[in-house]
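Observations on the three-dimensional arrangement
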Amino acid sequence: MTRHTITNYAKRVRALKNRSLQSKIFIYGALFVTAISLLIGASFYFTMSNSIEQQIGNRALNIAETTASRPDVIAGFEQTNPSAVLQPIAENVRRLSGAEYVVIGNKEGIRYAHPVTERIGQKMVGDDNERALINGESYISEATGTLGPALRGKTPVKNAQGEIVGVISVGFLKDDISHTFFEYVDSIVTIVLIAIILGIIGSSILARSIKKVLFNLEPTEIAHLFTERNTLIESVREGIIMVNQNGEISMMNPAAYDTLSLPEGVSLIGRHIEEVLPNTLLPQVLQSGEKQFDRQMEIRGKKAIVNRIPIMVGNDIVGAVSSFRLQSDFDQISTELSQVKQYTEALRAQTHEYQNFLYTISGLIQLNSLDEALHLIHDETQEHQSLIQFVTRRLQDPYLGGLVIGLFNRARELKVQFILDEDSNLKNLPKHLEKSLFVSIIGNLVMNAFEAVEHLPESDRVVRLFILDNGQEILIEVEDSGDGLRSDLHEHIFKSRVSTKSGSDRGYGLMKVSENIRDLNGVASIENGDLGGALFVISIPKGGYST
């Protein structure tokens, strides 16, 4: 094989590898069917050839044995001129049987009968008479005689005493047998061609069908998508569990193992989803095909928000996937947003108040009322310093101190008398207690109190805040001078979407307060306060969170 031939072969191999999946399936399928069809055709041809040859050989032998047993043939050997008797008999047998020749010879192999009369009296050709003349056997042989290669049936001729007196050879030329074979070749070729054509059509249909099932994607594209899918699933912080149509787990990402508090070495693949999560609704999704979004669920004692959707192939449900994340993660984000909102409102109120203060000073200076401007600046500074000193003396924790000062500014903007109880006292929150939860509780309760008194005359708008660390627990009281709460609402006010205010987007603040108190292992109660409105009393033990 030359270097040029090797190069061309390599190019063809690369070209085949670069073909599309549909082309490869078609080509390989067509080649496979063609090879199988040719192999079957060749096998059928050779099997049929051997069978025909065997039948012709048996036919030649039967003719020879029948002829050798004829009395007139046996009697012919006893005549003074055997050829005169045997030649007509041999020719008659040849014509009736369709054999190429019927040759009769004596014990020495000298011909008594032959299709070519000139050869009568000559020695038989082929050197295959010994078994008949010496051993007395009847057999089939292949040999080349004067008429060419032939398939011959040989049998001895015996007289009445059982002695071998001659031999009969009935032959069919190999060329004639080959012509018989070739008569069937057209039929075999036609059948093979039809099989190849049907195979090519089937390969084309199969290739298109497989391509359609694979969404017209190539193997490399499928491999890339599979890699991207695994990377994406592993990178998502939400837990993801996928089940097949039988409810058996087919995939879980690391976040799901983490949420279920399972080591990643423990494989749950193949187990039924109800064995892992008894309260799951995935079997219901498999049956109904209904999508479920933002459903609450408890997973091994942890509250979670769950989404469930079916996996559809056409109109058939072949599985379902569930994604979930702990409620605490959403609560943390909600708390952080609430804190940001409260700080923003406090800063906005403070900015607005100081803008008004600066406008007043600017006006007094323009009126040349310098003494009044200085007096106003002095009073404002003294009031602000007194507020800061009072708050920092009573609430030494910077988080709560900053929040309360912001609430004072907001109260001033709303024309509400905001009072920090003189008996309040808190040095620092314990490190194991989440400060953001306290900020959320106090901020929500005080802002609700501001809203509860905003409809009253300015002189009657009063909100009181009390915070105390008694060594065992932290007490928080928020009281307002509003209309208070009906007694039948005391048990339900902390539930979701329960609110005494108008509007559709209400009831979330107190629900959040209740959840934060529960997370801190605290308790809350509602009473009628001395100011005439509602009094919220919160008790948070310093021992820590509940387990």
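Before reading on, note that the structure itself is shown above.
Residues numbered from 1 in each chain as written. Predicted model: local features only at pLDDT ≥ 70, side-chain atom pairs only at ≥ 80, totals over all residues. Heavy atoms only, no water.

1. What to know about the overall build of the chain
Applied cut-off: The helix and strand labels rest on DSSP assignments: H or I over at least four residues marks a helix, E over at least two residues marks a strand, and numbering proceeds from the N terminus. Buried residues are those whose accessible area, probed at 1.4 Å on protein chains only, stays under 20% of the maximum for their type, while exposed residues exceed 50% and partly exposed ones sit between those limits. Should any heavy atoms of two residues lie within 4.5 Å, those residues are counted as being in contact. What sets the accessible areas is the Shrake-Rupley method with a 1.4 Å probe; for residues, cover comes only from the shown protein chains.
If you tally the helices and strands in the chain, you get 15 helices and 15 strands. For the chain, with 547 residues in total, the buried portion stands at 39%. Looking at the chain alone, contacts between residues at least 24 apart form 57% of all its contacts between residues at least 6 apart. As displayed, the chain has an accessible area near 31,200 Å², and 54% of this comes from carbon and sulfur atoms.

2. Observations regarding the packing of helix 13 (residues 398-414) against helix 14 (residues 435-453)
For the record, the criterion: Lines fitted to the C-alpha atoms define the axes, with helices restricted to the stretch that makes contact. Angles between their N-to-C directions range from 0 to 180 degrees. Any angle that falls under 35 degrees is termed roughly parallel, while one over 145 is termed roughly antiparallel, one within 65 to 115 roughly perpendicular, and all others oblique. Helix crossings fall into two classes, left-handed where the near helix is turned counterclockwise from the far one by less than a right angle and right-handed where it is turned clockwise.
Contact geometry of helix 13 with helix 14 gives a least axis separation of 10 Å together with a crossing angle of 15 degrees. By the angle between their axes, helix 13 is roughly parallel relative to helix 14. Here helix 13 runs over helix 14; the crossing is right-handed. Of helix 14, the residues touching helix 13 (which contributes Tyr399, Leu400, Leu403, Leu407, Arg410, Ala411 and Leu414) are Lys435, Phe438, Val439, Ile442, Gly443, Val446, Met447 and Phe450.

3. Looking at the sheet that holds strand 12 (residues 462-469)
What counts, and what does not: When DSSP locates at least two bridges between a pair of strands, those strands are taken to pair.
Pairing within the open sheet is mixed, and its five strands lie in the order 11-12-13-15-14. For this open sheet the edge positions go to strand 11 (417-420) and strand 14 (523-528), each flanked by a neighbour on one side alone. Pairs of neighbouring strands in the sheet enclose a mean axial angle of 15 degrees, with direction left out of account. Summarising the sheet, strand 13 (residues 473-480) and strand 15 (residues 534-541) pair through seven bridges and their orientation is antiparallel. Each bridged residue has a counterpart across the sheet, and for Ile476 the counterpart in strand 15 is Ile538. Most of the contacts of helix 13 go to strand 11, to which it runs at about 160 degrees, and overall it touches strand 11 and strand 12.

4. Looking at the packing of aromatic side chains
Worth spelling out the cut-off: Ring pairs shown here join Phe, Tyr and Trp side chains whose ring centres sit within 6.5 Å, with only the six-membered ring taken for Trp; geometry is labelled stacked below 30 degrees between planes, edge-to-face above 60, and tilted in between. Look at NZ for Lys and CZ for Arg. If either is within 6 Å of the ring centre and within 35 degrees of the ring normal, a charge sits over the ring.
A full pass over the atoms with the stated rule returns three aromatic pairs. Put simply, the rings of Phe408, Phe418 and Phe450 touch in pairs and so form one group of aromatic residues. Taking the ring centre of Tyr139 as reference, the NZ or CZ of Arg131 above it sits at 4.2 Å.

5. Observations regarding the sheet that holds strand 10 (residues 316-326)
Ordered by their spatial adjacency, five strands build an open sheet running 7-6-10-9-8, and the pairing between neighbours is antiparallel. Each of the sheet's edge strands pairs with one partner strand only, and the pair in question is strand 7 (249-252) and strand 8 (292-299). Going from strand to strand, the sheet's axes swing by 25 degrees on average, the running direction of each strand aside. Bridge count for strand 6 (residues 239-244) against strand 7 is three bridges, and the pairing is antiparallel. The partner of Ile241 across the bridge, within strand 7, is Met252.

6. Focus on the environment of Asn315
Assignment of secondary structure puts Asn315 in the loop between strand 9 (302-313) and strand 10. We classify Asn315 as exposed; its relative accessible area is 76%. The spacing of Asn315 and Gly289 is 26 residues in sequence and 9.9 Å in space, taken between C-alpha atoms.

7. Focus: helix 13
The test is simple: One fewer than the residue count of a helix, multiplied by 1.5 Å, yields its expected span.
Between its terminal C-alpha atoms helix 13 stretches 24 Å, which fits the 24 Å expected from 17 residues at 1.5 Å a residue. Of all 17 residues in helix 13, twelve are buried, a share of seventy percent or more. Those residues of helix 13 lying buried are Leu400, Gly401, Leu403, Val404, Ile405, Gly406, Leu407, Phe408, Asn409, Arg410, Ala411 and Glu413.

8. Here we look at the nonpolar core
For the record, the criterion: Side-chain atoms within 4.5 Å link the members of a nonpolar core, which is a set of buried Ala, Val, Leu, Ile, Met, Phe, Trp, Tyr and Cys residues.
Among the nonpolar cores identified, the biggest contains 42 residues, and Phe418, Phe438, Ile442 and Leu465 are the most heavily contacted of them. Within the residue set of this core, elements represented by two or more residues are helix 13, strand 11, helix 14, strand 12, strand 13, helix 15 (508-519) and strand 15. With ten residues, helix 14 is the largest single contributor of residues to this core. When neighbours within four sequence positions are excluded, Ile442 is seen to be in contact with Leu400, Leu403, Leu407, Leu465, Ile467 and Ile476. Core analysis: the next-biggest nonpolar cluster, separate from the first, contains 26 residues, Leu86, Ile89, Val102 and Ile168 among them.

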